[in-house]
Amino acid sequence: MQGSPGRTPMPNTRLLVLFGSQTGTAQDVSERLSREAWRRELGCRVQALDSYPVVNLINEPLVIFVCATTGQGEPPDNMKNFWRFIFRRNLPSTSLCQMDFAVLGLGDSSYAKFNFVAKKLHRRLLQLGGSALLPVCLGDDQHELGPDATIDPWLHDLWEKVLGPHPLPLDLSLTPPGVPWPSKFTLKFLQEVPSTCSEELCVTGTDPQGPPSELQPFLAPMVTNQRVTGPSHFQDVRLIEFDITGSGVSFVAGDVVLIQPENTASHVQQFCQVLGLDPDQHFTLQPREPGVPCPARLPQPCSIQRLVSQYLDIASVPRRSFFELLACLSCHELEREKLLELSSAQGQEDLCEYCTRPRRTVLEVLCDFPHTAGAIPPDYLLDLIPLIRPRAFSIASSLLAHPSRLQILVAVVQYQTRLKEPRRGLCSNWLASLDPGQGDPGSLGRGAVRRAPFPRVHHSQSWARALGLRAASRRLPPAIGPVRVPLWVRSGGLTFPKTPDTPVIMVGPGTGVAPFRAAIQERVAQGETGNVLFFGCRQRDQDFYWEAEWTELQTRGCLTLVTAFSREQVGVGGAGRDAGGADSPPRPALQEQKVYVQHRLRELGPLVWGLLDLRGAHFYLAGNAKYMPADVSDALTSIFQEEGGLSGPAAAAYLARLQRTLRFQTETWA
């Protein structure tokens, strides 16, 4: 956003906002900065860090960096190239001596490396000669009011610093909060439905014969969709297999597959009804300002139905900026007043109580404000609602064991808040709803809205082009075909040793075992037998994934399996009365004592130490990022002290050396 039509940004204030975002929060904060700059008549550009030519930083006078920290202190995917460049050792210490900068970080203080990326970037920019306008801002998801509790006062100080040498001219004033900023795009509705199936993906500069990517996913037939947890288990976990024959997809152990989900048919219908939109209406999208690209995957022209079902994330929990813009667009006095309150700094506790804590969705909020929703100009749809982001899953199979197949292990996300309807994860529930045994007459999946004009395809190749996806075959698919899911593959965070006879120790509780199944299959196929797997779950008969496969590999001498069933141990604790009577001496009462993978590691400390120190083993960890990684690291440190005779500092240094040399790797998720 660079200012509204008819308004000239102040001279000599070239503000650049660069963001690294994994889930969209950093991008949302960056766009907030842009809006606040617009209200102050400041020119502002917003870009993802990896889309910005980093060598141009030497010419930028004022830059705000907004960056999240992911996993165990790692940068988001869309700033990894920038991250590698900015930490080159050969960069001169005066490279950024002309640049004023500020760093805003987004993290979660429950993790050991809280806001690690923002802190490290701030130090590096100082090393390269940059001048910090403010101390680094450490936004915290754990704060009861979310990261805005820290961001709001920091931004207040930021604008004072920025506007100090560039005050507003006397004839200009700050644009009030209730005035809407210009939409990024205009939707030009077509009077007639295109005569041919013209909903094609317009992609420039891509090789249609190259491997599938986000711009050109592969439309993979789903082969199986099987629940692998017991009927009494609290969670539905699915083993899903796709046929990737003819796709050009290739992967090795440790890689991940990205899947582009879609909204349910009922939600799409409800959204269109609340906003008064015709799902069959077609439009073209035009940016308001030059140089602003349209969303890369959005076809031109496009139908409202496709925009809502496959692009707008109406099932996401809206951020504060959503309420801010909705208030600006509202013409209903009572609804506008409430929306302004929820978007204000003073109303953040109310916003958390209404929306964040119960995980209320965009669609549910719009239904709560029907007069406002019915008056939303279509031009603002892409400003108001974020795009659906692809979801990443660890690949759970090897091409050496399952040629032309790709398998994933999916925990279906569903939980209850104080709202009547359960909260459901968009991608996992969409995948779980797909039935590979049911024919698909012309949509991405069973949940997609079907309408007459779109599936009428009469010429070769137009099916895949109409969906903006690759087809395994260049021939027209039959009228009834398999359920297909758009996907592509990228490198993951785990790389396994290439040298023969190098043992690997893998710790994968729950669905964290998925990448290790791929690794074990790959290594066994290559004749590698030094595979040690620590697997943890609740109960052997409910969520012991691939038990038969592990048992068979153990029998063959290809795997050492160590299990921890956390709900099957009974320990001693508390006090009770013996059944003999009141005068009997008290005896301990039996109660559950949970055992996790870190406990098994400690029990087998001699094995772990011997493999690491004597045989050069690599250690891998995958699973939930909350507590398990720290618990496993503590267990390893204890093993190094007890079995290796190292002091506390020496044990910590030994662990750090394993991490630095990539002999200790993690892949975790929230």
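Everything numeric here is computed off the predicted structure, so don't read it as measured data. (Residues numbered from 1 in each chain as written. Predicted model: local features only at pLDDT ≥ 70, side-chain atom pairs only at ≥ 80, totals over all residues. Heavy atoms only, no water.)

Participant: Could you give me a rundown of the overall build of the chain, with the residues and numbers involved?
Facilitator: Summing up its helical and strand segments, the chain has 21 helices and 24 strands in all. Here the chain, with 670 residues, has 51% of them falling under the buried criterion. Element-wise, carbon and sulfur atoms account for 53% of the exposed surface of the chain, whose accessible area totals about 30100 Å². (Helix = DSSP H or I, 4+ residues; strand = E, 2+ residues; numbered from the N terminus. Buried < 20%, exposed > 50% of the residue type's maximum accessible area, 1.4 Å probe, protein only. Areas by Shrake-Rupley, 256 points an atom, 1.4 Å probe, with all protein chains shown as cover.)

Participant: Break down the pattern of salt bridges for me, with residues and values.
Facilitator: Side chains that carry opposite charge are capable of pairing whenever their charged atoms lie near each other. Considering all chains together, one arrives at 26 salt bridges under this definition. Its salt-bridge partner being E31, residue K184 comes within 2.9 Å of it at the nearest N-O pair. You can see K184 sitting in the loop between α4 (148–163) and β7 (185–189) and its partner E31 sitting in helix α1 (residues 25–39), a full 153 residues away along the chain. By relative accessible area, K184 is classed as partly exposed at 29%. (Salt bridge = Lys/Arg side-chain N within 4 Å of Asp/Glu carboxyl O.)

Participant: A description of the sheet that holds strand β23 (residues 618–624) should follow, citing residues and the corresponding values.
Facilitator: Read across the open sheet, the five strands follow the order β20-β19-β18-β23-β24; overall the sheet is parallel. Looking at the sheet topology across the chains shown, the edges are occupied by β20 (560–565) and β24 (664–669). Averaged over neighbouring strand pairs, the angle between their axes works out to 10 degrees when direction is ignored. Across four bridges, the pairing between strand β18 (residues 504–507) and strand β19 (residues 531–537) is parallel. (Pairing = 2+ DSSP bridges. Axes fitted to C-alpha atoms, helices over the stretch in contact; angles between N-to-C directions.)

Participant: If you had to explain the side chain of S303 to someone new, which residues and values would you point to?
Facilitator: Within the secondary structure layout, S303 lies in strand β12 (residues 302–303). Judged by relative accessible area, S303 falls into the buried class, the value being 0%.

Participant: Help me get a handle on the environment of M628, residues and values and all.
Facilitator: Tracing the sequence through the fold places M628 in helix α20 (residues 628–644). Relative accessible area serves as the criterion here: at 10%, M628 is assigned to the buried category. C-alpha separation for the pair M628 and T668, spaced 40 residues apart in sequence, amounts to 9.3 Å.

Participant: Lay out the environment of Q270 in plain terms, naming residues and giving numbers.
Facilitator: By the secondary structure assignment, Q270 is in helix α5 (residues 265–275). Taking C-alpha positions, Q270 is 9.9 Å from E364, a pair spaced 94 residues apart along the chain. The residues contacting Q270, other than those within four sequence positions of it, are L363 and C367. (Contact = heavy atoms within 4.5 Å.)

Participant: Kindly report on unusual backbone geometry, identifying the contributing residues and their values.
Facilitator: Q300 connects to P301 through a cis peptide bond whose omega is -5 degrees. When you line up the elements, P301 lands in the loop between β11 (282–287) and β12.

Participant: Outline the pairing of strand β8 (residues 218–227), listing residues and values.
Facilitator: Two strands pair when backbone bridges link them, and β8 and strand β17 (residues 484–490) are joined in this way by four bridges, in the antiparallel orientation. Residue pairing across strands places A220 opposite V485, the latter belonging to β17. Pairing analysis gives five bridges linking β8 to strand β9 (residues 237–243), with the strands arranged antiparallel. When the sheet's bridge partners are listed, Q226 is paired in β9 with L239.

Participant: Please set out the packing of aromatic side chains residue by residue, giving values where relevant.
Facilitator: As enumerated under the stated definition, the model contains 15 aromatic pairs in all. Between Y354 and F369 the ring centres are 6.5 Å apart and the planes differ by 90 degrees, which places this aromatic pair in the edge-to-face class. One end of the pair, Y354, is in helix α9 (residues 348–356); the other, F369, is in the loop between α10 (362–368) and α11 (370–373), and 15 residues separate them in sequence. Of the two residues, Y354 and F369, both sit in the buried class. Look at F619 and F664: their rings are 5.2 Å apart centre to centre, the planes differ by 85 degrees, and that puts the pair in the edge-to-face class. (Phe/Tyr/Trp six-rings, centres within 6.5 Å; stacked < 30°, edge-to-face > 60°.)

Participant: Got a sec to walk through the UniProt feature "binding site: NADP(+)" (unreviewed entry) in the chain? Specific residues and values, please.
Facilitator: Mapped onto the present numbering, the UniProt feature "binding site: NADP(+)" (unreviewed entry) falls at T511, S566, R567, K594, V595, Y596, V597, Q598 and D631. Here S566 lies in the loop between β20 and β21 (570–576). With respect to the secondary-structure elements, D631 resides in helix α20. (UniProt positions renumbered as here; feature names shortened; annotations may be inferred.)

Participant: Outline the nonpolar core, listing residues and values.
Facilitator: Within the largest apolar cluster, 43 residues are counted, with the highest numbers of intra-cluster contacts made by F271, L307, L312, F322, F323 and L366. Per element, the largest residue contribution to this core is seven residues, and it comes from helix α7 (residues 320–329). Look past the residues within four positions of F323 in its chain and what remains in contact with it is P318, L339, L342, S343, L351, Y354, C355 and V365. Residues A253, A518, Y545 and W546 belong to the second largest nonpolar core, which totals 30 residues. (Core = buried A, V, L, I, M, F, W, Y, C linked by side-chain atoms within 4.5 Å.)

Participant: Explain helix α19 (residues 605–615) to me, using residue names and the numbers behind them.
Facilitator: Within the sequence span of α19, burial applies to G605, V608, W609, G610, L611 and L612. Here the buried face of α19 lies against β18, β19, α18 (597–603), β23, α20 and α21 (648–660).

Participant: I'd like a description of the environment of S491, backed by residues and values.
Facilitator: Mapped onto the fold, S491 is located in the loop between β17 and β18. Linking S491 and A253, residues 238 residues apart in sequence, is a C-alpha distance of 9.3 Å. Setting aside anything within four residues of it in sequence, one finds S491 in contact with D255 and V256.

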